[in-house]
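# Remarks on the overall topology
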Amino acid sequence: MEKHLLFKRFGGKRLHLGVCGSIAAFKVADLVHRWQDTGAAVSATLTEAASKFVTPLTFEALGASPVYRAMFSGEAPFEHLEPGQTAHAMVIAPATADIMARLAHGRACDMLSAQALAFDGPVVIAPAMNPRMWQNPATQDNAALLRERGFIFVGPDSGLVACHDEGQGRLADLRLIYLAGLKALTPQDMEGETVMVTLGPTRETWDDVRFWTNGSTGTMGASIAVAAWLRGAEVHAVCGPLGAEGLWLPDDPAFHRHDVVSAAQMLEKSSEIWPSATMGVFTAAVADFRPVPYGGGKFKKDKAADGLHVDFLPNADILRTLAEERSEGQVVVGFAAEAVPDADALAAAVQYKLSYKGADMIVGNRIADGFGRASNRVYVADVQGREEQWPDMAKPQVAWKILDWARTLAV
Ligand code: CTP
């Protein structure tokens, strides 16, 4: 799993995966390991049709336990009730038109339908089918009924499907199904909050081909944005340019991604969102200076044979500007990336930024301990005088703890 999405905090939780008969069935085998990596236990049920595409052994070999097959095929008499007694959330992926019809009408004619009927926790449905089957009014009505009853839908996506038809019917991105499973396991303690996160570097253009930037990957900010969304918040991620491969973020009605390039654009977009936010987390490595633009075209090197001198102008401090403009109750979380030799120097720099920036809380790290790495060793201080040094932890774990702390600062 991509490092900003690996939340290893689901020990003691169990997800039940229901697999139906669709060519996309082979894809979901991958979910078993991904969820297990978070600490969750995974069990599975394959419908008879699913077993034509993948085998129960595939899921058993990957560590799902137990793996249920057809009704009356197992030894225990109450297998149809077991996920209802042991699992905390159920994910049906791929979900066919037929399973949706069975769920909508309370059928219990096969193992998965019976298990779903006897399950009173959250159920995620990730449909995959031919676009005409998906668009059929019967399927649409069943989906609407299930949504109304609280089933959580992920996808289907649009595009080319296996039978070469084009339209809506593709299984959603596996990462989104993975996260939907985790969200179903997560107490929605940030429901009603709107969290704005700035992340990544900014890019300041000089001529038509050259720009000034830095090596921020945006991983820390992305983990915070996803963690807040998993906990039920509405999220606005204001992203600087995140490189050719980008950084995958969930495509969901409660997760808004705003791509910007320069510090000026990041300030403009953040200012637009900020009045509606309850919390702002400023992780972006904003360029403090921008080159005075050369003007149109490409600067030719023979114009500066003896070396090049470029003038820079200061950029606005986004965190400081928005902290000044905040209304009551808005929590401001800042970061401090410091090239300092030791923990004492880091603490001093964090305390200075806490008051200079007007933040409620500053998360500081030495550049060598966090920049461009999957983990981070941070020192945290807040306006109430609390301070802590955390051990080196993966960024998603740091993200969760930052949100826990920031929530205590809301008045
Ligand atoms: N920040 C910001 N806008 C800027 C510069 C920084 O919003 N123009 C935010 C960062 O997102 C971070 C915090 O301010 O939350 C501190 O950023 P950092 O780079 O550590 O410090 P600077 O303010 O840039 O100061 P210096 O480079 O002198 O340490």
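For the structure given in this document, a descriptive report is provided here. (Residues numbered from 1 in each chain as written. Predicted model: local features only at pLDDT ≥ 70, side-chain atom pairs only at ≥ 80, totals over all residues. Heavy atoms only, no water.)

## Some points on the sheet that holds strand E6 (residues 152–153)
- Here six strands make up an open sheet; going across it, the order is E3-E2-E1-E4-E5-E6 and the pairing parallel. Looking at which strands have only one partner, the edges of the open sheet turn out to be strand E3 (67–68) and E6.
- Both strand E5 (residues 123–127) and E6 contribute to a ladder of two bridges, which runs parallel. If you follow Ile 125 over to E6, its bridge partner there is Phe 153.
- The strands touched by helix H1 (residues 25–37) are strand E1 (14–19), strand E2 (41–46) and strand E4 (89–95); relative to E1, the strand with the most contacts, the crossing angle is about 175°.
- Contacting E4, E5 and E6, helix H4 (residues 97–104) runs over the sheet at an angle of about 140° to E4. (Pairing = 2+ DSSP bridges. Helix = DSSP H or I, 4+ residues; strand = E, 2+ residues; numbered from the N terminus. Contact = heavy atoms within 4.5 Å. Axes fitted to C-alpha atoms, helices over the stretch in contact; angles between N-to-C directions.)

## Points about helix H12 (residues 343–357)
- With 15 residues, H12 extends 21 Å between its outermost C-alpha atoms, agreeing within 8% with the 21 Å of an ideal straight helix rising 1.5 Å per residue.
- Those residues of H12 that fall on the buried side of the exposure criterion are Leu 346, Ala 347, Ala 349, Val 350, Leu 354 and Lys 357. The buried residues of H12 occupy an angular sector of 165° when the element is viewed end-on, so they sit on one face. The exposed set on the far side of H12, more than 90 degrees from its buried face, consists of Asp 344, Tyr 352 and Ser 355.
- Looking at the buried side of H12, the elements it contacts are helix H11 (318–324), strand E17 (331–338), strand E18 (361–366) and strand E20 (378–382).
- Sitting at the head of H12, Asp 342 places a side-chain oxygen 3.3 Å from the backbone nitrogen of Asp 344.
- Directly after H12, the chain includes Gly 358, whose backbone phi takes a positive value near 75°. (Expected span 1.5 Å × (residues − 1). Buried < 20%, exposed > 50% of the residue type's maximum accessible area, 1.4 Å probe, protein only. Arc of directions from axis to C-beta. Polar contact = N/O pair within 3.5 Å; in protein donor to acceptor, adjacent residues only side chain to side chain.)

## Some details on the packing of aromatic side chains
- Summed over the entire model, instances satisfying the criterion amount to nine aromatic pairs.
- For the pair Trp 206 and Tyr 294, a centre-to-centre distance of 5.6 Å together with 40° between the ring planes defines the contact as tilted. Here the residue Trp 206 occupies a position in the loop between strand E10 (204–205) and strand E11 (211–212), and Tyr 294 occupies one in the loop between strand E15 (289–291) and strand E16 (312–314), the gap between them amounting to 88 residues.
- Classification of Trp 206 as buried rests on a relative accessible area of 11%. (Phe/Tyr/Trp six-rings, centres within 6.5 Å; stacked < 30°, edge-to-face > 60°.)

## Brief notes about the site of the ligand
- In the vicinity of the ligand there are 15 residues, among which Phe 282, Ala 284, Phe 335, Lys 353 and Lys 357 approach most closely.
- Between the ligand and Ala 337, the relevant distance is 2.9 Å, taken from an oxygen atom to a main-chain nitrogen or oxygen of the residue.
- A distance of 2.4 Å separates an oxygen atom of the ligand from a polar atom in the side chain of Lys 357.
- The fraction of the free accessible surface of the ligand (570 Å²) that becomes covered by protein chains is 78%.
- Contributing elements (two or more residues each) for the shell around the ligand: H11, E17 and H12.
- At four residues, E17 tops the list of elements feeding residues into the shell around the ligand.
- Here the residues of the shell around the ligand sort into nine nonpolar, two polar and four charged. (Near = heavy atom within 4 Å. Areas by Shrake-Rupley, 256 points an atom, 1.4 Å probe, with all protein chains shown as cover. Nonpolar A, V, L, I, M, F, W, Y, C, P; charged D, E, K, R; others polar.)

## Remarks on the nonpolar core
- Counting 82 residues, the largest nonpolar core has Leu 17, Phe 59, Ile 177 and Ile 402 as its most contacted members.
- Counting residues in each nonpolar core, the second largest holds 24 residues, with Ala 277, Ala 284, Leu 346 and Ile 362 among its members. (Core = buried A, V, L, I, M, F, W, Y, C linked by side-chain atoms within 4.5 Å.)

## Quick notes on unusual backbone geometry
- A cis amide bond, omega -10°, links Ser 65 with the succeeding residue Pro 66.
- Relative to the helices and strands, Pro 66 resides in the loop between helix H2 (56–61) and E3.
- With omega at -10°, the peptide bond leading from Ala 93 into Pro 94 counts as cis.
- Within the element layout of this structure, Pro 94 appears in strand E4.
- Non-glycine residue His 164 carries a positive phi angle of around 75°.
- Given a relative accessible area of 63%, His 164 falls into the exposed group.

## Considerations on the pattern of salt bridges
- The final tally for this structure, using the stated rule, is 18 salt bridges.
- Between Arg 69 and Glu 60 there is a salt bridge, with the nearest N and O atoms lying 3.1 Å from each other.
- A salt bridge links Arg 102 to Asp 98; the nearest nitrogen and oxygen atoms lie 3.0 Å apart. One end of the pair, Arg 102, and the other, Asp 98, are both in helix H4, four residues apart, so they sit about a helical turn from each other.
- For Arg 102, a relative accessible area of 9% puts it in the buried group.
- Several salt bridges converge on common partners, so that one network encompasses Asp 189, Glu 193, Arg 231, Asp 404 and Arg 407. (Salt bridge = Lys/Arg side-chain N within 4 Å of Asp/Glu carboxyl O.)

## Regarding the environment of Gly 12
- Positionally, Gly 12 belongs in the segment before E1.
- A relative accessible area of 69% places Gly 12 in the exposed class.
- Sequence separation between Gly 12 and Gly 39 is 27 residues; the distance between their C-alpha atoms is 7.3 Å.

## Comments concerning the state of the cysteines
- For the coordinates displayed, the defined rule picks out zero disulfides.
- Cysteine Cys 163 is unpaired, with the sulfur of Cys 20 as its nearest cysteine sulfur at 17 Å. (Disulfide = S-S within 2.5 Å.)

## Some thoughts on the packing of helix H8 (residues 174–185) against helix H9 (residues 219–230)
- Between H8 and H9, whose axes approach to 9 Å, the crossing angle comes to 50°. Taken together, H8 and H9 sit at an angle that is classed as oblique. For the pair formed by H8 and H9, the contact residues are Leu 176, Leu 179, Leu 182 and Lys 183 on the first element and Val 226, Trp 229 and Leu 230 on the second.
- Classifying every residue of the contact of H8 with H9 gives six nonpolar, no polar and one charged. (Parallel < 35°, antiparallel > 145°, perpendicular 65-115°, else oblique.)

## Let's talk about the pairing of strand E9 (residues 194–199)
- With six of its six residues buried, E9 lies for the most part within the structure.
- In the sheet, E9 pairs with strand E12 (residues 234–239) via six bridges, with the strands oriented parallel. Considered in E12, the bridge of Met 196 is made with His 236.
- In this sheet, strand E14 (residues 279–282) lies alongside E9 in parallel orientation, the contact comprising four bridges. By the bridge assignment for E14, Val 195 is matched with Met 279.

That's the geometry; what it means functionally is another story.
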